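# Structural characterization, general
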Amino acid sequence: RSHKSWRPAAVFSLRLSHKFHGLEARGFHFDNVLIHALVTFCYSVLCFQLIESYLGKSGRSARSQGTAILASIIFSVHPIHTEP
């Protein structure tokens, strides 16, 4: 029975984890941590590029990088990424 929720990326991720790990919880956890780390890295690159384009490349690269890293740390540990 369907729960009327269309989340193709989540369903694909769960099916792929099940294919490789069966019902082993560690496999699902490993896959989720790996995906979260990858998304956090992509977010930090995006933040860096947005900050650089906003400020311009006038020698503020270290400050832009630090701001992007701070934003990605906040993103990675924010509680909205947890399930109830």
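It should be noted that the structure appears before, not after, this text.
Residues numbered from 1 in each chain as written. Predicted model: local features only at pLDDT ≥ 70, side-chain atom pairs only at ≥ 80, totals over all residues. Heavy atoms only, no water.

## Things to note about the overall build of the protein
Operational definition: Helical segments are the DSSP runs of H or I of at least four residues, strand segments are the runs of E of at least two, and each set is numbered from the N terminus. Accessibility here uses a 1.4 Å probe with only protein chains present; expressed as a share of the type maximum, an area under 20% marks a residue as buried, one over 50% as exposed, and anything in between as partly exposed. In what follows, a contact means two residues having at least one pair of non-hydrogen atoms within 4.5 Å. With residues, only the protein chains shown are counted as cover, and all accessible areas are computed by Shrake-Rupley using a 1.4 Å probe.
If you tally the helices and strands in the protein, you get three helices and zero strands. Sequence-ordered secondary structure for the protein, helices as α and strands as β, is α-α-α. The 84 residues of the protein split such that 15% are buried. Within the protein, counting contacts between residues at least 6 apart in sequence, those at least 24 apart form 34% of the total. As displayed, the protein offers around 7400 Å² of accessible surface, 66% of which is attributable to carbon and sulfur atoms.

## What to know about the packing of aromatic side chains
The condition that has to hold: Aromatic pairs are defined between Phe, Tyr and Trp rings, using the six-membered ring for Trp, whenever the two ring centres lie within 6.5 Å; interplanar angles under 30 degrees are classed as stacked, those over 60 as edge-to-face, and all others as tilted.
Scanning the model with the defined rule gives one aromatic pair in all. Geometrically, the ring pair formed by Tyr43 and Phe75 is stacked, given 4.5 Å between the ring centres and 20° between the ring planes. Taken together, the residues span a long stretch of sequence, with Tyr43 in helix H2 (residues 25-55) and Phe75 in helix H3 (residues 61-77) at a distance of 32 residues. Note on Tyr43: relative accessible area 29%, which makes it partly exposed.

## Section: a nonpolar patch on the surface
Stated precisely, the cut-off is as follows: Exposure above 30% relative accessible area and no salt bridge define the residues that can form patches, which grow by joining like charges within 9 Å and nonpolar side chains of Val, Leu, Ile, Met, Phe, Trp and Tyr within 5 Å. Whenever Lys or Arg places a side-chain nitrogen within 4 Å of a carboxyl oxygen from Asp or Glu, that contact is recorded as a salt bridge.
A cluster of nonpolar side chains, Phe12, Leu16 and Phe20, forms an exposed patch at the surface whose accessible area comes to about 350 Å². Relative to the helices and strands, Phe20 resides in helix H1 (residues 8-21).

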